[in-house]
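A structural walkthrough
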Amino acid sequence: MDFSLSAEQRELTEAAADFARKELNHDLVKREDAGEFPRDAWRACAKFGILGLPVPAELGGTDTDILTTALVMEALGYGCQDNGLLFSLNAQMWSVELPLVAFGTEAQQRAYLPPMVSGDILGGHAMTEPETGSDALHMRTRAERRGDHYVLNGAKQYITNAPVADVFLVYASVTDRPGLAGLSAFLVDRATPGLMVSSGFEKMGLRTSPIGEITLADCQVPGQSRLGPEGAGMAIFNSSMEWERSCIFASVVGAMRRQLDACVAYARSREQFGQPIGKFQGVSNKLADMYVRLEAARLLIYRVAWLKQQGRSAPAEAAAAKLFTSEAFVQSSRDAIQAHGALGYMKEAGIERDLRDALASTIYSGTSEIQRVVLARMLGL
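In what follows, the accompanying structure is described.

**Comments concerning the overall build of the chain**
- Per the secondary structure count, the chain includes 12 helices and 10 strands.
- A compact globule built from 381 residues should have a C-alpha radius of gyration of about 21 Å, and the chain, at 21 Å, falls within 12% of that.
- Referenced to the eigenvectors of the C-alpha coordinate spread, the extents of the chain come out at roughly 80 × 45 × 45 Å.
- Looking at the chain residue by residue over its 381 residues, the buried ones come to 54%.
- Taking contacts inside the chain between residues at least 6 apart in sequence as the whole, the part at least 24 apart equals 75%.
- With 38 positive and 45 negative side-chain charges, the chain shows a spacing of 3 Å between the two charge centroids.

This is the structure we're talking about:
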């Protein structure tokens, strides 16, 4: 097993971390307080090439292999303190762009992927519903086939990027096909009559990543807006979730590395009782635990990325990586606050922000409880 990076990978990750430090942290406290989506930073990421990493070159992307993409996203998480921006980037890349790459027609790909890669349009992934949550089998949004088009009715909530999105990947059950056999996916432009988008909701964390809901009332979309064949919705969703659980947490690994570096620096410089606080085991043990969590999370993420690069399915590995990394991020964020004492609890220090952001990671892309259900099933339980 070779864990070394190529010269190209080292250069790319160093450039990504440097770009993030210089370009993505401006006015973060002000933007987070206001819950403001950083569109200029989004465009800067597009210009740098972030949004095009997993997209083929002929569609405007860079066709970067998945392991290198994970390394770049980790570097971005290390340099960028705006976890909300990174979450929005990941949400589009893995939940909208990758389904288009894997399941889209050439016309769909050429219509949506180049402007997404360039940052000109944003996408939202609309699966969760008010009454059903993670229970796709009982989804209430319906798509009725009428000649050469579909009529969609229903509601979706907790959609990342919804208030600023230009197109939604909407999951709905075709009315004459019961259960998962009818679950299908549709590309619905924001301007489509019958589609109503809510204003954003205020959140505890990830505040620069807007979230909202949509309502579909006799929303008519052409048949060519369906992504993949009828009944492919669950395959599309599972594919996107596997990618998301693999790659979105590479950014979290970067944030955990940034946390640890900041805590080590503080433990060396802050003195109490005549010596640096890092000399006290009550502090140093916490930092040691943070290191172990970081390395374990990194290896889990890299393994999933490697498996995906081999063209192999990795549902159990992705679930394990998501479960461990999300909960490790929460605990390491708590330890970072504790290591800084009262300063860590002060908003002005910027340390408590990671804890508020980290708590969401145990919910999005499938809760920790759902990941344990997935793993138990994989074990035959």
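**A look at unusual backbone geometry**
- At L206, a position not held by glycine, the phi torsion is positive, near 50°.
- Residue placement: L206 occurs in the loop between β6 (195-197) and β7 (211-222).
- Overall, the relative accessible area of 5% leaves L206 in the buried class.

**So, the pattern of salt bridges**
- A full pass over the atoms with the stated rule returns 18 salt bridges.
- Between D18 and K22 there is a salt bridge, with the nearest N and O atoms lying 3.1 Å from each other. Of this pair, D18 and K22 both sit in helix α1 (residues 7-23), 4 residues apart, roughly one helical turn.
- D82 is the salt-bridge partner of R31, the closest N and O atoms lying 2.8 Å from each other. Here D82 lies in the loop between α4 (66-79) and α5 (83-103) and R31 lies in helix α2 (residues 28-34), a separation of 51 residues in the sequence. For the residue pair R31 and D82, the accessibility class agrees, reading buried in each case.
- Each member of the salt-bridge network shares a partner with another, and the members are E32, E352, R353 and R356.

**Section: the pairing of strand β3 (residues 149-160)**
- By the bridge criterion, 5 bridges tie strand β2 (residues 142-146) to β3 in an arrangement that is antiparallel. Its bridge partner being in β3, A143 is matched across the sheet by L152.
- In sequence, β2 turns back onto β3 through a hairpin of 2 residues, with G147 there showing a positive phi of about 65°.
- Of the strand pairs in this sheet, β3 and β7 are connected by 9 bridges, and their pairing is antiparallel. Note that in β7 the partner of L152 across the bridge is C219.

**Some remarks on helix α7 (residues 233-269)**
- End to end, α7 covers 54 Å across 37 residues, agreeing with the expected 54 Å (1.5 Å per residue, within 8%).
- Where α7 bends most, the angle comes to about 30°, and this point is E244.

**So, the nonpolar core**
- Counting 69 residues, the largest nonpolar core has L24, I50, L76, L85 and L89 as its most contacted members.
- Contributing elements (two or more residues each) for this core: α1, α3 (39-48), α4, α5, α7, α8 (281-309) and α9 (315-340).
- When residues in this core are grouped by element, the largest group, 13 residues, is from α7.
- By size, the runner-up hydrophobic cluster in this structure holds 22 residues, among which are L113, I121, M139 and F237.

Parameters and conventions
Residues numbered from 1 in each chain as written. Predicted model: local features only at pLDDT ≥ 70, side-chain atom pairs only at ≥ 80, totals over all residues. Heavy atoms only, no water. Helix = DSSP H or I, 4+ residues; strand = E, 2+ residues; numbered from the N terminus. Rg over C-alpha atoms; globule rule 2.2 N^0.38 Å. Buried < 20%, exposed > 50% of the residue type's maximum accessible area, 1.4 Å probe, protein only. Contact = heavy atoms within 4.5 Å. Lys, Arg positive; Asp, Glu negative; His and termini not counted. Charge placed at Lys NZ, Arg CZ, Asp CG, Glu CD. Salt bridge = Lys/Arg side-chain N within 4 Å of Asp/Glu carboxyl O. Pairing = 2+ DSSP bridges. Expected span 1.5 Å × (residues − 1). Bend = angle between axes of the 7 residues up to and from the residue. Core = buried A, V, L, I, M, F, W, Y, C linked by side-chain atoms within 4.5 Å.

All we've got here are geometric facts, nothing functional implied.
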